[in-house]
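Structural overview for review
Below are the chains, spelled out letter by letter.
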Amino acid sequence: MTTLAQRIARWPKAELHLHLEGSIRPATLCELAARHRQPMDAETVAALYRYHSFRGFLNAFKRVTALLRTPDDYALITQRLTEELLAQNVIYAEVIVSAGVMLRRQQDVEANFAAICEAARPAERRGLRLAWSFDAVRQFGLAHIWRVARLAVQLGSQGVVAFGVGGDETALPTRSLQPVYEFVAAHGLHRLIHAGEIGPPSAVREAVEVLGCERIGHGIAALRDPHLQALLIEHGTVLELCPTSNLRTGALARQLRRRKAGLRDHPLPQFFRAGIPVVLATDDPALFETTLVREYEQAARLGLSVGELRRLAAMSFRAAFLPERARRAMLRRFRAAC
Ligand SMILES: [Zn+2]
């Protein structure tokens, strides 16, 4: 008998919301710590990955990225991530690189990105197609966000297909980002943003109407606003849903204005069946102790049938920033395997 997980593992899959720095498994973090002569034992690492709030999560992300200091470090984590993706039969991934964190630490973003691309090549030869998105950190301010946007445009010819803003959503009004988003769009980049994760429905609405974002990271605030749900359907704006992430960071409980939320409270089935374009992703698979296959299992626990899971998985190819020919070829492969 084939289990659901085995069945899903065999499907060729795409993943569209995945942070490179959030993919560092504990063993790799220990390796990086030893490399920089700050040895960490397994218990210290486990404690780092154990947090109970959105702030706690941002703090863990900060401490993990503090061990990324050289292009070689970025090469190592890229190699590990691409191996994991291949093992799960992911054939296409759009990986978010926190160029903002690199800038903050006064690193050479171009050198780091060159090392990342180089480290990804063996996996690409084995059938994993990758595209990159540069992410700025909202709480670092507008001048910082502009610098990341210019770098994303500059490296567009080397595989950066999108620009986004992440971090603390409450730090800057969404509207203030409009000129930055106009700039990246004018240079042919796709527009992403983390919105409505812990922020209000209005943040998602402005991301769609003012910034012209094509996909929204999370956007679960829409569960509080039926008009926003209608707007997402009308614009065809895609929500990148990451159920485990929303539980681990407490974002879902915050949106529900409760102290705690469980998987059953996640709006994935409601959004999916209402016709909102949604894709399923891991966000930070190591920090949330998950995998893409596990997220599909979560969706099954939420009541999605195998047929619905298949439609959901196909959505990741449809919503991908891929040239049309490549998209059609991947969808054909997907259908043949299912
Ligand atoms: Zn994210």
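Structure report, in brief.

Some remarks on helix H17 (residues 324-337)
Over its 14 residues, H17 extends 20 Å from the first C-alpha to the last, a length consistent with the 20 Å expected when each residue adds 1.5 Å. When H17 is considered as a whole, its buried residues turn out to be Ala-326, Arg-327, Met-330, Leu-331 and Phe-334. Down the axis of H17, the smallest arc covering the buried residues is 130°, so these residues share one side. Across from the buried face of H17, at angles greater than 90 degrees, the exposed residues are Arg-325, Arg-332, Arg-335 and Ala-336. On its buried side, H17 packs onto strand S2 (90-97), strand S3 (129-137) and helix H16 (306-318).

A closer look at the packing of helix H8 (residues 142-154) against helix H9 (residues 178-186)
Viewed as axis vectors pointing N to C, H8 and H9 meet at an angle of 5°, and their least axial separation amounts to 10 Å. Taken together, the axes of H8 and H9 are roughly parallel relative to one another. When H8 is examined against H9, the residues Leu-142, Ile-145, Trp-146, Ala-149, Arg-150 and Val-153 are found in contact with a partner set consisting of Pro-179, Val-180, Phe-183 and Val-184. Across the contact of H8 with H9, the residue classes tally to nine nonpolar, no polar and one charged.

Comments concerning unusual backbone geometry
Phi angles above zero are rare outside glycine, and Gln-106 is one such case at about 55°. Among the secondary structure elements, Gln-106 is positioned in the loop between helix H6 (99-104) and helix H7 (109-125). On the basis of relative accessibility, which here comes to 75%, the residue Gln-106 falls in the exposed class. Positive phi outside glycine occurs at Glu-289, with the angle close to 50°. Inspection of the secondary structure assignment puts Glu-289 in the loop between strand S8 (278-280) and helix H15 (292-301). Classification of Glu-289 by relative accessible area gives exposed; the value is 53%.

Overview of the pattern of salt bridges
Pairing between side chains of opposite charge can happen when their charged atoms approach one another. The tally for this structure, following the rule as stated, stands at 14 salt bridges. Of the charged contacts in the structure, one is a salt bridge between Arg-50 and Glu-43, with a shortest N-O distance of 3.4 Å. With a relative accessible area of 48%, Arg-50 lands in the partly exposed category. The exposure class of Glu-43 is partly exposed, given its relative accessible area of 49%. Arg-215 is the salt-bridge partner of Glu-94, the closest N and O atoms lying 2.7 Å from each other. Remark: Arg-215 occurs in strand S6 (residues 215-218) and Glu-94 occurs in strand S2; sequence separation between them is 121 residues. By sharing partners, the salt bridges in this structure join Glu-94, Arg-215 and Glu-240 into a single network.

Focus: the nonpolar core
Ranked by internal contacts, the top residues of the largest apolar core, which has 118 residues, are Trp-132, Phe-134, Phe-163 and Ile-193. Apart from residues no more than four positions distant in its own chain, Ile-193 is found in contact with Arg-138, Val-165, Leu-177, Tyr-181, Ala-207, Leu-211, Cys-213, Arg-215, Ile-216 and Gly-217.

Points about the coordination of the zinc ion
Listed as protein donors to the zinc ion are His-17 (NE2), His-19 (NE2), His-194 (NE2) and Asp-283 (OD); their distances from the metal cover 2.1 to 2.2 Å. Around the zinc ion, the four donor atoms sit at angles spanning 84 to 168°, and that spread fits a shape best called irregular. For the zinc ion, the single-chain donor residues occur in sequence as H-x1-H-x174-H-x88-D. In this pair, His-19 is assigned in strand S1 (residues 13-19) and His-194 in strand S5 (residues 190-195), connecting sequence segments 175 residues apart. Neither residue differs from the other here; His-19 and His-194 are each classed as buried.

Reading the values: rules and limits
Residues numbered from 1 in each chain as written. Predicted model: local features only at pLDDT ≥ 70, side-chain atom pairs only at ≥ 80, totals over all residues. Heavy atoms only, no water. Helix = DSSP H or I, 4+ residues; strand = E, 2+ residues; numbered from the N terminus. Expected span 1.5 Å × (residues − 1). Buried < 20%, exposed > 50% of the residue type's maximum accessible area, 1.4 Å probe, protein only. Arc of directions from axis to C-beta. Contact = heavy atoms within 4.5 Å. Axes fitted to C-alpha atoms, helices over the stretch in contact; angles between N-to-C directions. Parallel < 35°, antiparallel > 145°, perpendicular 65-115°, else oblique. Nonpolar A, V, L, I, M, F, W, Y, C, P; charged D, E, K, R; others polar. Salt bridge = Lys/Arg side-chain N within 4 Å of Asp/Glu carboxyl O. Core = buried A, V, L, I, M, F, W, Y, C linked by side-chain atoms within 4.5 Å. Donors = N, O, S within 2.8 Å, 3.2 Å for Na, K, Ca; no water. Tetrahedral: all angles 85-135°; square planar, octahedral: opposite > 155°, others 65-115°.

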